[in-house]
Amino acid sequence: MALLKAITANRLRDGEVVFLKAEGVWVERLDEAALFEDAAVADTALAAAKAQAERDQYGVDIYAFDLTLKDGRPDPVKARERIRALGPSVRTDLGKQAAA
Amino acid sequence: MPLIKDGCIVEDDWTHVPDGEAVPADRPAIISFERFQAERATFEGRNAALGVRVKSGTLAPAIAADLERFALIAIEFPKFRDGRGFSTARELRERYGYEGEIRAVGHFIPDQYQFAVRTGFTSAEAPANANPESWARALTEITVAFQPSLDDPQPLSLLRRRLGA
Amino acid sequence: MNHIAPGRNAGVYNYDEIDRRFVSERVEQFRAQVARRLSGELTEEEFKPLRLMNGLYLQLHAYMLRIAVPYGVLTSRQMRKLAEIGRKYDKGYGHFTTRQNLQFNWIKLEETPEILNELAEVDMHALQTSGNCVRNVTTDQFVGAAKDEVVDGRVYAEILRQWTTLHPEFTYLPRKFKIAIMGSEKDRAAIRIHDVGVFAKRNDKGEIGFAFYAGGGLGRSPFIGKLIREWVPEEDFVAYLEAILRVYNQYGRRDNIYKARIKILVHELGQEKFTAEVEEEFARLRGPKYRLAPEIVAEIRRRFGGPSFEDLPPVSAALEQAKAANEAFARWVAVNVTEHKAPGYAVATVSLKPAGGIPGDATSEQMELVAALADQYSFGEIRVSHAQNLVLAHVKQDDLFALWTALEGAGLGTANVGLIGDIIACPGLDYCALANARSIPLAQAISERFADPARQQLIGELGIKISGCINACGHHHVGAIGILGVDKKGVEFYQITIGGDPTLTTAIGDILGPAVTEHEAVDAIEAIVEVYLANRHDGESFLATLKRVGHGPFKERVYAAH
Ligand code: HEM
Ligand code: SF4
């Protein structure tokens, strides 16, 4: 299965994990994130997102990560990104997974 | 580069002269310490004040022998996180009795300014877009200190005393 | 009811107006720094060290705030405030760390100045709990209570806390700097794995002085601290440390973050050269300016409200009766209770390691309960141990049964201190941005496997320590059994070491063999324990058995199935 990419950051003012939905638009849920099939497009979007987030003091630690689609929903490849998108695996009552 | 002294932006009489460029004979000039070492004879008998710029890795003992030649020592912060300059300034004052101007140059932020004053710096070069208010506040926002330092030569009588009291 | 001098708290350094003003000024300074960051005046690169020096990290899910518990001692009032902050600004729980601090995991940057302000109300802060400065000084969790104590380390830890606070010369060091101090014969503070370890002692005239170890540390390249001076007189305590820090600030490497700790400097210069540099600096600094006068020490000591103990018989009949009547209580006393220097008193450790629980986590309700029990039974004073447990240090033996009953009722009565279930674990990949693997689920699985308290007691003292990456926040290198999380192509694996020792006979554990999966790790631990039990002679410790029989039998058994 082909790898997709999504772009993520922590929101500066509260640290919340956010995902890029469209230029200048960030969302809190991975389900709503823009998914990039083309790595070059993702790179361009990442550079733009970094510049925008720095200019607007919006986000920090901005980077792209790999995922696949599982039952039509984005599924991060690495445990780290899965935990960021959901919340601690040892406290399923907390974080984004709790609100689901 | 706005120059900060005692928390205010002031006129700077000094010029930084990059290596390879002519050193003005009639005005205070700051040259690199490396250049001073290489061309020291040319500065014999100079009338205008001479200052040197030292890299963060050049520690006080390395420049100690020539201190009476310098009216100013500019200590470089390549990154503000590189705190060697604080030890250098302090040693220049406490160990070698240097009494000229010690200036912080390079990447240096207002949040370090009070530390600089307490370790013996007399001035700092701020970035071009500096917010004067942040520099002014930096000297007054904390009024308690826990160590003896350059601005207070008193022995450690109690661990804590008031800054400037 | 226990009593202490009016208006004072037992066991902690009591702040006065100047201390309070300082902490408030720091809060306002940070409030302004946050505003400058949010307005764009400060870049993230510039802001990061400033927030770190106020204990604020960015982790996986949010900011994490690490609150300082100086040398691990808290008042009940402070504990209640922590509980309140947990409820109001976090998600109702906190994590006690191996450096005797408390971390909250779900903090918002914009609320942090207000949190710091609330902490200041109870004389607390998050200063220097992170960043490349001298960190919160740690010590023995039984300080001031232990029967084997020679010097009360709190007084000197407090002197260090003050002396290092916003030190103008040493706030931008090459890397973080951790100091631990110990004043008993037994090392309960792991001083030789710290940048500087201080051993406080007395000479035959009864005068206080200090042995200094330098250059210890774990992480990517573990080193054991080396003895650089056998005796530093009390009055030179500050001057000597100032000398060490100056040498480190000037010569510590700044070109490579992995080589920036003092352990690398000591290693690269060699112990002799390093010591010579320090001695030379010390000879210059020694003098009136840095002299630690006895009056200062006396004044700081006076600020600690010492509990005044009642005259009690050394043996409590009530305690003996209760033990005879209740097996579970008797086990808890045998495992979690330590001798106190005052007759009739005891030191009780509250385990934060229930089987299947998250090591070191406590809910706001649990914090409040412990605070109430401290008021009732232990002069309103609580300690945090580096093993991530809490301690009520001055409990009357007569009260132990009532204390235990209350703890039991709240799930805090686990009898496993120092045993296999008392696992030290870092937050790992569930929270930490630097992690390679999760630590907590493995700790949970192991503690569940060994849940039977009788079996734990039979196995005896055995420390398991787990880190989620090579930074070694869980001290895995010095665990009798150490576990390190590694990432192999996106899958979590665990590398097991055996033979580590955190006490003065410090040893770094040896790698047993190839890394294993989480599931295999639990079986591997069980196999190691079985080999130990099968081979140990009467009363022999794990380390002694290991030394005698070597790694062979352990290795064979663990990897037998492969
Ligand atoms: C979750 C955020 C954390 C981060 C980002 C973090 C980061 C680090 C790093 C980078 C090091 C290695 C430093 C070096 O070797 O120079 C380290 C060491 C250490 N950390 Fe943490 N840590 C975290 C949490 C914790 C926690 C929760 C504890 C206590 C349970 C802890 C206790 C320690 C200790 C005791 C060391 C010392 C090892 C040594 O000195 O070599 N840390 N940490
Ligand atoms: S050991 Fe690694 S994973 Fe664990 S808390 Fe430290 S940095 Fe994070």
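Cut-offs applied
Residues numbered from 1 in each chain as written. Chains lettered and ligands numbered in written order. Predicted model: local features only at pLDDT ≥ 70, side-chain atom pairs only at ≥ 80, totals over all residues. Heavy atoms only, no water. Near = heavy atom within 4 Å. Nonpolar A, V, L, I, M, F, W, Y, C, P; charged D, E, K, R; others polar. Axes fitted to C-alpha atoms, helices over the stretch in contact; angles between N-to-C directions. Helix = DSSP H or I, 4+ residues; strand = E, 2+ residues; numbered from the N terminus. Parallel < 35°, antiparallel > 145°, perpendicular 65-115°, else oblique. Left-handed = near helix turned anticlockwise from the far one by under 90°. Contact = heavy atoms within 4.5 Å. Domains from an automatic or database assignment. Buried area = accessible area lost by both parts, 1.4 Å probe. Salt bridge = Lys/Arg side-chain N within 4 Å of Asp/Glu carboxyl O. Polar contact = N/O pair within 3.5 Å; in protein donor to acceptor, adjacent residues only side chain to side chain. Buried < 20%, exposed > 50% of the residue type's maximum accessible area, 1.4 Å probe, protein only. Pairing = 2+ DSSP bridges.

So, the site of ligand 2
Piece 1. C426, P427, G428, C432, L434, A435, S467, G468, C469, N471, A472 and C473 of chain C make up every residue found near ligand 2.
Piece 2. Residue composition of the shell around ligand 2, grouped by class: eight nonpolar, four polar and no charged.

Structural notes on the packing of helix α1 (residues 17-39) of chain C against helix α2 (residues 44-52) of chain C
Residue and element names in this part refer to chain C.
Piece 1. In contact at an axis separation of 10 Å, α1 and α2 are set at 160° when each is read in the N-to-C sense. Here α1 is positioned roughly antiparallel relative to α2, judged by the angle of their axes. Pair α1 / α2 crosses with left-handed handedness. On α2, the residues touching F30, Q33, V34 and R37 of α1 are E44, F47, L50 and R51.
Piece 2. A breakdown of the residues in the contact of α1 with α2 according to their chemical character gives four nonpolar, one polar and three charged.

As for the domain arrangement of chain C
Residues and elements named next belong to chain C.
Piece 1. Along its sequence, chain C is organised into domain 1 (17-121), domain 2 (138-302), domain 3 (317-409) and domain 4 (425-558).
Piece 2. Look at where the C-alpha atoms of domain 2 and domain 3 centre, and you get two points 32 Å apart.
Piece 3. On the side of domain 3, 14 residues touch domain 2, which itself brings nine residues to the contact.
Piece 4. Between domain 2 and domain 3, roughly 930 Å² of surface is buried when both sides are summed, and carbon and sulfur atoms account for 54% of that area.
Piece 5. Summed over the shared surface of domain 2 and domain 3, the number is one salt bridge.
Piece 6. Measuring nitrogen to oxygen at the nearest pair gives 3.3 Å for the salt bridge that ties E339 to K147.
Piece 7. Summed over the shared surface of domain 2 and domain 3, the result is six residue pairs in polar contact (both at pLDDT 80 or more).
Piece 8. Residues belonging to the side of domain 2 that touches domain 3 are distributed by class as follows: four nonpolar, two polar and three charged.

Focus on helix α3 (residues 84-94) of chain B
Piece 1. The buried fraction of α3 of chain B is high, at ten of eleven residues.
Piece 2. Listed as buried for α3 of chain B are R84, G85, F86, S87, T88, A89, R90, E91, L92 and R93 of chain B.
Piece 3. Each element contacted by the buried residues of α3 of chain B is listed here: α2 (60-63), β6 (72-77), β7 (101-106) and α4 (113-118) of chain B together with α6 (237-251) and α8 (271-285) of chain C.

Some details on the sheet that holds strand β3 (residues 15-16) of chain B
Residue and element names in this part refer to chain B.
Piece 1. Spatially, eight strands are ordered β2-β1-β8-β7-β6-β5-β4-β3 in an open sheet, and the strand pairing comes out mixed. A strand with exactly one partner marks an edge of an open sheet, and here the two such strands are β2 (8-10) and β3.
Piece 2. Note: strand β1 (residues 3-5) against strand β8 (residues 123-125), two bridges, orientation antiparallel. For L3, the partnering residue across the bridge sits in β8 and is E125.
Piece 3. Its contacts with the sheet place α3 against β6 and β7, and it is angled at close to 160° to β6.

Observations regarding the site of ligand 1
Residues and elements named next belong to chain C.
Piece 1. As a structural note, the neighbourhood of ligand 1 is formed by 22 residues, with T98, K176, L218, R261 and C473 the closest of them.
Piece 2. At 3.4 Å from a nitrogen atom of ligand 1 is found a side-chain nitrogen or oxygen belonging to K176.
Piece 3. Take L218: an N or O atom from its main chain is 2.8 Å from an oxygen atom of ligand 1.
Piece 4. Considered class by class, the residues forming the shell around ligand 1 number seven nonpolar, nine polar and six charged.

Observations concerning the interface of chain B and chain C
Piece 1. Listed as interface residues are 39 residues of chain B and, on the opposing side, 48 residues of chain C.
Piece 2. Between chain B and chain C lies a buried interface of about 4,100 Å² when both sides are counted; carbon and sulfur atoms form 56% of it.
Piece 3. For the pair chain B and chain C, the number of links is eight salt bridges.
Piece 4. Taking the shortest distance from any N to any O, the salt bridge between R90 of chain B and E242 of chain C comes out at 3.2 Å.
Piece 5. Counting across the interface, chain B meets chain C through 23 residue pairs in polar contact (both at pLDDT 80 or more).
Piece 6. When contributions to the side of chain B that touches chain C are tallied by element, the ones reaching two or more residues are α3, α4 and α5 (132-138) of chain B.
Piece 7. Of all the elements, α3 of chain B adds the most residues to the side of chain B that touches chain C, at six residues.
Piece 8. Each residue belonging to the side of chain B that touches chain C can be placed in one class, and the counts come to 14 nonpolar, eleven polar and 14 charged.

Quick notes on the packing of helix α11 (residues 327-336) of chain C against helix α13 (residues 400-409) of chain C
A pair of packed helices is captured by two measures, namely the crossing angle of their axes and the spacing between those axes.
Residue and element names in this part refer to chain C.
Piece 1. The interhelical angle for the contact between α11 and α13, taken along N-to-C directions, is 105°, at an axis separation of 11 Å. In terms of axis orientation, α11 runs roughly perpendicular to α13. When α11 is examined against α13, the residues A328, F329 and W332 are found in contact with a partner set consisting of L400, F401, L403, W404 and L407.
Piece 2. Its residues assigned to classes, the contact of α11 with α13 comprises eight nonpolar, no polar and no charged.

Details of the interface of chain C and chain A
Piece 1. In this assembly, 27 residues from chain C lie in contact with 22 residues from chain A.
Piece 2. Taking both sides of the interface into account, the surface hidden between chain C and chain A amounts to around 2,200 Å²; carbon and sulfur atoms contribute 60%.
Piece 3. Three residues stand out in chain C for area buried against chain A, namely L58, L60 and H61 of chain C, and they jointly supply 23% of the buried area on that side.
Piece 4. Its salt-bridge partner being R13 of chain A, residue E110 of chain C comes within 3.4 Å of it at the nearest N-O pair.
Piece 5. Along the contact surface separating chain C from chain A lie six residue pairs in polar contact (both at pLDDT 80 or more).
Piece 6. Residue composition of the side of chain C that touches chain A, grouped by class: 15 nonpolar, five polar and seven charged.

Some words on the pairing of strand β2 (residues 63-67) of chain C
Regular strands place side chains that alternate from one sheet face to the opposite one.
Residues and elements named next belong to chain C.
Piece 1. For β2, the buried fraction is high: five of the five residues fall into the buried class.
Piece 2. Across the two faces of β2 the burial is the same, with Y63, L65 and I67 and M64 and R66 all buried.
Piece 3. If you look at the hairpin formed by strand β1 (residues 56-58) and β2, you'll find four residues sitting between the two strands.
Piece 4. Where β2 and strand β5 (residues 102-107) come together, four bridges link them in antiparallel fashion. Bridge assignment links I67 to a residue of β5, and that residue is L102.

Details of the sheet that holds strand β3 (residues 25-27) of chain A
Residue and element names in this part refer to chain A.
Piece 1. In space, the five strands of this open sheet follow the order β3-β2-β1-β4-β5, with antiparallel pairing throughout. Strand pairing shows two members of the sheet lacking a second neighbour, β3 and β5 (73-76), which therefore form its edges. Sheet twist, expressed as the mean angle between neighbouring strand axes with direction ignored, is 50°.
Piece 2. In this structure, strand β2 (residues 17-22) lies alongside β3, joined through three bridges in antiparallel fashion. Paired with F19 across the bridge in β3 is V27.
Piece 3. Where helix α1 (residues 39-55) meets the sheet, it contacts β1 (4-11), β2, β3 and β4 (59-70), and its direction lies at approximately 150° from that of β4.

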